[in-house]
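These are the residues of each chain, in order.
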Amino acid sequence: MSLAVVNPRTGEADYSIEPLDETAIATVASRLRAGQGAWAARTAGERGAVLHRLAEAIGRHRTALAAALIADTGRAAISKIEVEAMIRALQRWADSAPGIIARAEISDRQTAIPTITASTRLVPYQLIGIISPWNFPLTLALIDAIPALAAGCAVIVKPSEVTPRFMRPLAAAIAEVPELADVVALIEGDGATGAALIGQVDFIAFTGSVATGRKVGEAAARAFIPASLELGGKDPMLVLASADPVKAAETALRASVLNTGQACQSIERVYVAREIAGPFLEALVNGAKAVRLNHPDVNAGDIGPFIFARQAEIVQAQIDDAVARGAKLLAGGQVETLDGGKYLRPTVLVDVTPDMPIMAEETFGPVIPVTLFDSVDEAVAHANSGIFGLSAAVIAGTVEEAEAVAVRLRAGGVSINDGSLTGLVWEAEKSSFGASGIGPSRMGDSGLLRFFRKQALIRQSGAALPLAAYSEEALSG
Ligand code: NAD
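Calculation rules
Residues numbered from 1 in each chain as written. Predicted model: local features only at pLDDT ≥ 70, side-chain atom pairs only at ≥ 80, totals over all residues. Heavy atoms only, no water. UniProt positions renumbered as here; feature names shortened; annotations may be inferred. Helix = DSSP H or I, 4+ residues; strand = E, 2+ residues; numbered from the N terminus. Buried < 20%, exposed > 50% of the residue type's maximum accessible area, 1.4 Å probe, protein only. Contact = heavy atoms within 4.5 Å. Salt bridge = Lys/Arg side-chain N within 4 Å of Asp/Glu carboxyl O. Pairing = 2+ DSSP bridges. Near = heavy atom within 4 Å. Polar contact = N/O pair within 3.5 Å; in protein donor to acceptor, adjacent residues only side chain to side chain. Areas by Shrake-Rupley, 256 points an atom, 1.4 Å probe, with all protein chains shown as cover. Domains from an automatic or database assignment. Buried area = accessible area lost by both parts, 1.4 Å probe. Axes fitted to C-alpha atoms, helices over the stretch in contact; angles between N-to-C directions. Parallel < 35°, antiparallel > 145°, perpendicular 65-115°, else oblique. Nonpolar A, V, L, I, M, F, W, Y, C, P; charged D, E, K, R; others polar. Phe/Tyr/Trp six-rings, centres within 6.5 Å; stacked < 30°, edge-to-face > 60°. Lys NZ or Arg CZ within 6 Å of the ring centre and 35° of its normal. Patch = residues over 30% accessible without salt bridge, like charges linked within 9 Å, V, L, I, M, F, W, Y side chains within 5 Å.

In the nomenclature of an unreviewed UniProt entry, the protein is known as Putative succinate-semialdehyde dehydrogenase [NADP(+)] 2 of Edaphosphingomonas haloaromaticamans. A UniProt comment under Sequence similarities (unreviewed entry) is attached to the protein, and it reads "Belongs to the aldehyde dehydrogenase family."

## Regarding the UniProt feature "active site" (unreviewed entry) in the protein
Following the UniProt record, the feature "active site" (unreviewed entry) maps to Glu230 here. Along the chain, glutamate 230 falls in strand β9 (residues 227-230). Of the residues examined, glutamate 230 reaches a relative accessible area of 11% and is grouped as buried. Discounting residues that sit within four places of it in the chain, glutamate 230 has contacts with Phe206, Thr207, Gly208, Ser432, Ser436, Pro440 and Arg442.

## Some details on the pattern of salt bridges
Evaluated as defined, the whole model comprises 23 salt bridges. A salt bridge links aspartate 374 to arginine 274; the nearest nitrogen and oxygen atoms lie 2.7 Å apart. Of this pair, aspartate 374 sits in the loop between β16 (367-373) and α14 (376-383) while arginine 274 sits in the loop between β11 (267-273) and α11 (277-290), placing them 100 residues apart in sequence. With relative accessibility at 43%, the residue arginine 274 sits in the partly exposed group.

## Focus: the pairing of strand β2 (residues 13-17)
As a general feature of sheets, a regular strand has side chains that alternate between the two faces. Here strand β1 (residues 3-6) runs beside β2; their pairing, made up of 4 bridges, is antiparallel. Counterpart to leucine 3 in the pairing with β2 is isoleucine 17. In this structure, the hairpin formed by β1 and β2 is closed by a connection of 6 residues, where glycine 11 is found at a positive phi of approximately 75 degrees.

## A closer look at unusual backbone geometry
In this model, histidine 295 is joined to proline 296 through a cis peptide bond whose omega is 10 degrees. Mapped onto the elements of the fold, proline 296 is located in the loop between α11 and α12 (309-324). Even without glycine at this site, asparagine 259 takes up a positive phi of about 55 degrees. For asparagine 259, the location among the structural elements is in the loop between α10 (245-257) and β11. Residue asparagine 259 is classed as buried on the basis of its relative accessible area, which comes to 3%. Located in the positive-phi region is phenylalanine 364, a residue other than glycine, with phi close to 65 degrees. One can find phenylalanine 364 in the loop between α13 (357-360) and β16.

## Focus on the site of the ligand
The ligand sits among 29 residues. The nearest are Ser132, Glu161, Ser209, Leu231 and Glu362. Tryptophan 134 is positioned with one of its side-chain polar atoms (N or O) 3.0 Å from an oxygen atom of the ligand. In this structure, leucine 231 approaches the ligand through a main-chain N or O atom, which is 2.7 Å from a nitrogen atom. The fraction of the free accessible surface of the ligand (860 Å²) that becomes covered by protein chains is 88%. Of all the secondary structure elements, the ones that give two or more residues to the shell around the ligand are α8 (191-198), β8 (203-207) and α9 (210-223). Both domains that meet at the shell around the ligand, namely domain 1 (3-231 + 436-458) and domain 2 (235-423), each give it at least three residues.

## Considering the domain arrangement of the protein
Domains assigned within the protein are domain 1 (3-231 + 436-458) and domain 2 (235-423). Here the C-alpha centroids of domain 1 and domain 2 sit 31 Å apart. At the interface, 21 residues of domain 1 touch 28 residues of domain 2. In total, domain 1 and domain 2 occlude about 1800 Å² of area from one another, counting both sides; carbon and sulfur atoms represent 59% of this. The three residues of domain 1 that bury the most area against domain 2 are Arg9, Trp134 and Ser436, which together make up 37% of that side's buried surface. On the surface where domain 1 and domain 2 come into contact, there are 0 salt bridges. Counting the contacts that link domain 1 with domain 2 gives 10 residue pairs in polar contact (both at pLDDT 80 or more). Elements with a contribution of two residues or more to the side of domain 1 that touches domain 2: α3 (62-73) and α4 (77-104). Sorting elements by how many residues they give to the side of domain 1 that touches domain 2 places α3 first, with 3 residues.

## Regarding the environment of threonine 139
With respect to the helices and strands, threonine 139 occurs in helix α5 (residues 137-142). Ignoring any residue separated from it by four or fewer positions in sequence, one finds threonine 139 in contact with Glu82 and Met86.

## Here we look at the packing of helix α2 (residues 44-60) against α4
Remark: α2 packs on α4, axes separated minimally by 9 Å, with the N-to-C direction vectors making an angle of 175 degrees. The orientation of α2 relative to α4 falls into the category roughly antiparallel. Residues Ala44, Gly45, Arg47, Gly48, Leu51, His52, Leu54, Ala55, Ile58 and Gly59 of α2 pack against Val83, Ile87, Leu90, Gln91, Ala94, Asp95, Pro98 and Ile101 of α4. For the contact of α2 with α4, the class distribution of residues is 11 nonpolar, 5 polar and 2 charged.

## Quick notes on the packing of aromatic side chains
For any pair of aromatic rings, geometry is given as the distance between the ring centres together with the angle between the planes. Inspection of every chain in the model, using the stated rule, returns 4 aromatic pairs. Geometrically, the ring pair formed by tryptophan 134 and phenylalanine 308 is tilted, given 5.8 Å between the ring centres and 55 degrees between the ring planes. Of the two residues, tryptophan 134 sits in the loop between β5 (127-131) and α5 while phenylalanine 308 sits in the loop between α11 and α12, which places them 174 residues apart along the sequence. The exposure class of tryptophan 134 is buried, given its relative accessible area of 11%. With a centroid separation of 5.5 Å and an interplanar angle of 80 degrees, the aromatic rings of tryptophan 134 and phenylalanine 364 are classed as edge-to-face. Residue tryptophan 134 is found in the loop between β5 and α5, and its partner phenylalanine 364 is found in the loop between α13 and β16; the two are separated by 230 residues along the sequence. With respect to burial, tryptophan 134 and phenylalanine 364 carry one shared label: buried. An aromatic cluster is present here, built from Tyr125, Phe203 and Phe451 joined pairwise through their rings. Taking NZ or CZ as reference, arginine 92 lies 4.2 Å from the ring centre of tryptophan 426, over its face.

## Some words on a nonpolar patch on the surface
On the surface, Leu465, Leu467, Tyr470 and Leu475 cluster together into a nonpolar patch covering about 530 Å² of accessible area. Topologically, leucine 475 is positioned in helix α17 (residues 472-475).

Next up, the structure:
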């Protein structure tokens, strides 16, 4: 049965997908399992050459791909950035994977037993399942798929049913690289499709909300496969008294409202030193009020509509609840419906308290609740409260002062004298803390190495011991 897909700029259902059922997924899975052997038998350099050809093919389809992403998400510039960034990601993994694999494999190492040497081989998982969300549709569909392919795995990708339009142009690009025909599949579908996929693969790489991540983790445990869970956050930014308040406000604004706040690494709470709170808030509010919606022209403005209309309701409910409990709105605050799309101008709130959902739950919208603090210890305690631990940011007069506070934060990635840098930097390995995720880092070398099992080859060059060597008599006295 087809599933209708709503356009975020019009509110109209103008597209549809055909979800695969369990039997259809099983057919795809067995085709890919059959194809994976030959793919893994190629050298990492040969696989890299194929990934370079995929980068070229995506380049040839960049206009169609960007157009589909614009229809999926209602924003133009970030859609184009997504396409170019994925071309670069393919090139980067294609070039770096052979060296990373060579450095991680160990051959012929002497063990503590003089006659025994050991090697460690990397054996790719046969079939990886990828389940991705709607906020960066192309990036999050491919971010784990590319290193998995570079490792020699086959991959089934199940993107979000909210933003599936990019899949057809992406499939057209993949079809121009015949070596990938039997190792990559994109499948359309919703949560039921994602749940069915888990039973068909050897490793599940999931990006999405904590609530769904928990279900995926439980299903993976039942299927007895590893799960990499990249989940939500409630990222804090600390602005210390030594910071330049105007520059810090500019950074806080960008890090909170970019992509309409629909980024896992968005700043969702700001703690500012009372000494500089006046100029900081003044600059933040002025900046927030100057942000332009990309309506009516998708190619003009700073932020787009909510990609998923339901998210607008969640964000509005959190704002209304905070205001009802005494929070004060300094900018924004009301979702606007324009030609069927749902938009929210950057919303700045003060007089918030830690128990409000807007301070404790993921918002995923352009909302900046600001809390004043009197001591760094108090700010660190605020930042470390709650269930999440995805990322954080600290701004101070010097990098050294900010870094001394950064190491006290329970978060997988901390931006120092900037915000949301984890969305830009691929090299730095990081783990999620708390409910923000489980599993090895998707960044850095581990982003590739997590797709291998290790196989030890242990060689006896002397005489193998007989059972008698372990007899009660041999070991007594
Ligand atoms: P979601 O959890 O609702 O959906 C994510 C994916 O899971 C979709 O493809 C969906 O179809 C699928 N799904 C739903 N139910 C399922 C089930 N029972 N079994 C298997 N799959 C199922 O998330 P969303 O609303 O699409 O995305 C927003 C969330 O993603 C936010 O919480 C955000 O923070 C998070 N996110 C995290 C990262 C990260 O790197 N940590 C990056 C981007 C987004």
